[in-house]
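Here are the chains, one letter per residue:
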Number of protein chains: 2
Amino acid sequence: MMAHILSTGDEVLLGDIIDTNSAFLCTALKELGIKVQKITAVGDELDTLASNIVDISLQTDLCFVTGGLGPTRDDLTSVACSKASGQALELNVTALASMQSYFEKRGFKFTKDNEKQAMLPLTSKMLVNHNGTAPGFYMKINQCLFFFMPGVPSEMKLMFEQEIKKVLVTEFDLNEDILIERLTVFGLPESKVGSLLNGFDMNFFGMRLGFKADFPVIEVKIILSVTFQNRYKADSDMAVAKKWVVAQLENKVVSDQGLTLAQEVGRLLTQQKKTLAIAESCTGGLISNMVTDVAGSSDYFLFSAVTYSNEAKMNVLNVQKKTILEHGAVHEKTALEMAQGARLKAGADFAISTTGIAGPGGGTDDKPVGMVCIGLAGPSFAKAKTYRFSFEDRFKNKQMFAMTALERLRRHLVSLAKTA
Amino acid sequence: MMAHILSTGDEVLLGDIIDTNSAFLCTALKELGIKVQKITAVGDELDTLASNIVDISLQTDLCFVTGGLGPTRDDLTSVACSKASGQALELNVTALASMQSYFEKRGFKFTKDNEKQAMLPLTSKMLVNHNGTAPGFYMKINQCLFFFMPGVPSEMKLMFEQEIKKVLVTEFDLNEDILIERLTVFGLPESKVGSLLNGFDMNFFGMRLGFKADFPVIEVKIILSVTFQNRYKADSDMAVAKKWVVAQLENKVVSDQGLTLAQEVGRLLTQQKKTLAIAESCTGGLISNMVTDVAGSSDYFLFSAVTYSNEAKMNVLNVQKKTILEHGAVHEKTALEMAQGARLKAGADFAISTTGIAGPGGGTDDKPVGMVCIGLAGPSFAKAKTYRFSFEDRFKNKQMFAMTALERLRRHLVSLAKTA
């Protein structure tokens, strides 16, 4: 089952709004086993709309159109649809009734402009808009079944969920489905991930890999189309493929459930009933922000000290004045004392710390931009290590520093789980 | 000048990412006076890519392609381009050299897979990627000039700004020069901003407004096309228009220089030679992260305590046990003591604090999700205020809380500057 999405409206082509509707539809359709092969966005121009509808009606089975159902002059979808299908528009009494009741309920005045919204192509069936005035509709044009929806995301989503899904399931035998597994990979460039997985296509016929680089993380997707032939062994095939991919990428797979690094660290801390404190200098609160983006993080995250000034490092984390005078703020010994200080201050089981040079300024020959010392302290130990990254970009450095610190903790927690 | 945008990648059609690249390009091209007539998104499938490139090459003058330049197997753009243009791929030495230097700088290992990225169609010209490994390129196919860019937004944007703009201005007679002023607005919904500025078109002929909502901030752009007629008075016209817009939006304009709120706060602190400390609970480090995203923030930002646990609030910030027992962690009195504690601990001139319910869990009837108490402490005062926002979304709440705290500080600093 192949689908096309047609997003209409000048505001999209002018860059005034980002088309989130299409992403929503792609995900929702994927879950129904319907594959979107193309998304098109065009402006509010009658002939363009009509010709695009005709082209699509000859190319694919399903099309989902958003926008252009409103009461204003630039809302041309139903007219374009009538032009493309050669069907006259007539007043759809069901649509009119549902609009009038919607207006009554809210005490709005029903105008002639609104009546225009109830003019639908002859053979079309109306789709109720539970969240706004513009009714939607669906109809077959040539070989393709078209669904016309409002452009307002909240209205479109509700119409899809409550009206269109039913139609799809009844009209079609939706047997094809897609299995997707997501792996979160950190610590390898995309090219390296690709080359490590080179053998995949030969080993796993009918499956493919997708890569999404979201710096500094790479998401590897294993995609399997469930067909009539493979439907019984699909899950086991996926399991085998996943095992193979994880083995190729070794310990660089942060989560084989598609969790973020912060989510995975949170999962491990919860599982092991441990708590966390953080001491940040160059990452400036980014680690804490990542950790607290996870709902429920208050169960294990106690405290973070963002100590930018040396005084704060000493006053809050009890970093020794001697240490800073002898070695400077960016040094493994400082990182070590920061982690120990944060851990004690918060009474936490573990603490991680960062001190380094995020740039663009502040670098020296022996302490260049991109250098960071990361500390890790636990019940019976404390250690620190220096890393050097080579980004000039302040944001990229903060990201790399923060992720590397969390990754150190993750690996420690994993090793604990193994030895336990 | 008509343009087409072709966005490639399975991740778009699978709904895994929202295509923000196209919106960026639409806006950037509009500013150059180039109108986008169509956006198309297709997956990583060689024949589909090639046939779409051919179709577009016969329909329009300009096409901007994003994605598919990476080193992995699902990166097929250059191959598709060669198929569509009938031109062989050959190793582009300039591309190879620039990639190798990029790798050297960062101490990455240059692999065979990366070399693939330097294989470009014969007559194509390379476009430098200042922010990643994949070089872009541009070439004419039939009547259309194609620009091929990476899909990673940060890389794509930089390539467009620093490489492609030059080409467009020289290759085409883009006689129209454009003046743009950016205003950062916080505290109003986009619809309200729009209606407040309704009179603009009537008052300022030949100028137009652009709006970009980047939650929770709205960027208002004033765009003036410099023509032969108005070139002498363009600057003064812009000044008048800007003054009018600022007046309409009153104190909701955070910066009339397009600075972020954190940058503007940093600018004011530097100007007034003051220092800042922060105490965060529900914002979990987000404020500190925003503040330290500004290069040079170490000049005024001293310390932030992310005190998630009550113990941390008491131990680190000297919040009174009595206060928490009587009023709870989410209360103006707690926020007040947090701000005072952070200020004293760091020896800072000012401190801001947040304590609230970010959600999705943890809300009660009298302390619902979206409620936050924000404290502000200075040399001779300390105050706290409660705000209620109505988002269920944890990220949106953290954003609103953090921005509202920074905005309180900004307004205080502005009032000081006025009275000084």
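Residues numbered from 1 in each chain as written. Chains lettered and ligands numbered in written order. Predicted model: local features only at pLDDT ≥ 70, side-chain atom pairs only at ≥ 80, totals over all residues. Heavy atoms only, no water.

Under an unreviewed UniProt entry, the name given to chain A is CinA-like protein, and the organism recorded is Desulfobacula toluolica.

**Focus: unusual backbone geometry**
Here is the rule: Each helix is a run of H or I in the DSSP string that is no shorter than four residues. Each strand is a run of E no shorter than two, and both are numbered from the N terminus.
In this model, A:Gly359 is joined to A:Pro360 through a cis peptide bond whose omega is 0°. By the element assignment, A:Pro360 lies in the loop between strand 15 (350–356) and strand 16 (371–378). Omega for the peptide link from B:Phe215 to B:Pro216 comes to -5°, which places this bond in the cis form. Tracing the sequence through the fold places B:Pro216 in the loop between strand 10 (207–214) and strand 11 (217–226).

**A closer look at the pairing of strand 1 (residues 2–8) of chain B**
Residues and elements named next belong to chain B. Our working definition: Accessibility here uses a 1.4 Å probe with only protein chains present; expressed as a share of the type maximum, an area under 20% marks a residue as buried, one over 50% as exposed, and anything in between as partly exposed. Two strands qualify as a pair provided that DSSP identifies no fewer than 2 bridges between them.
For strand 1, the buried fraction is high: six of the seven residues fall into the buried class. Across seven bridges, the pairing between strand 1 and strand 2 (residues 35–42) is parallel. Bridge pairing links Ala3 to Val36 in strand 2. In this sheet, strand 3 (residues 62–66) lies alongside strand 1 in parallel orientation, the contact comprising five bridges.

**A word on the side chain of B:Ser304**
The test is simple: We define a polar contact as two N or O atoms separated by no more than 3.5 Å, with the added condition that, inside protein, one atom must be a possible hydrogen donor and the other a possible acceptor, whereas residues neighbouring each other in sequence contribute only through side-chain atom pairs. By definition in these notes, contact holds between two residues if any of their heavy atoms fall within 4.5 Å.
Counting through the fold element by element, B:Ser304 comes out in strand 14 (residues 301–307). Looking at B:Ser304, the relative accessible area reads 0%, which means it is buried. In this structure the side chain of B:Ser304 is engaged in a polar contact, spanning 2.7 Å, whose partner is the side chain of B:Ser288. Once you skip the residues sitting within four places of it in the chain, B:Ser304 turns out to touch A:Ser304, A:Ala305, A:Val306, B:Ile278, B:Glu280 and B:Ser288.

**Here we look at helix 7 (residues 153–171) of chain A**
Residue and element names in this part refer to chain A. To be explicit about the condition: Bend, in this description, refers to the angle at a residue between axes fitted to the seven residues ending there and the seven starting there.
If you look at helix 7, its biggest bend is around 45°, right at Ile164. For helix 7, every residue scored as buried is listed here: Glu155, Met156, Met159, Phe160, Glu163, Ile164, Val167 and Leu168. Buried residues along helix 7 sit against helix 2 (20–31), strand 3 (62–66), strand 6 (125–127), strand 7 (136–141) and strand 8 (144–149).

**Digging into the domain arrangement of chain A**
Residue and element names in this part refer to chain A. Rules: Domain borders in the structure are assigned automatically or taken from a domain database. Buried surface area refers to the total accessible area, computed with a probe of radius 1.4 Å, that the two partners give up upon joining, counted for both partners together. When a carboxyl oxygen of Asp or Glu lies within 4 Å of a side-chain nitrogen of Lys or Arg, that pair is called a salt bridge. Classes in brief: Ala, Val, Leu, Ile, Met, Phe, Trp, Tyr, Cys and Pro nonpolar; Asp, Glu, Lys and Arg charged; the others, Gly included, polar.
Examined at the domain level, chain A breaks down into domain 1 (2–172), domain 2 (177–255) and domain 3 (261–419). Facing the nine residues of domain 2 at the interface are eleven residues of domain 3. For the domain 2 and domain 3 pair, buried surface summed over both sides reaches about 860 Å², with 70% attributable to carbon and sulfur atoms. Together, Phe186, Phe215 and Val254 form the three largest contributors to the area buried by domain 2 at its contact with domain 3, with a combined 65%. Where domain 2 packs against domain 3, one counts zero salt bridges. Inspection of the region where domain 2 meets domain 3 yields two residue pairs in polar contact (both at pLDDT 80 or more). Considering every element that reaches the side of domain 2 that touches domain 3, the biggest residue donor is strand 12 (residues 253–255), with three residues. Looking at the side of domain 2 that touches domain 3 residue by residue, the classes come out as six nonpolar, two polar and one charged.

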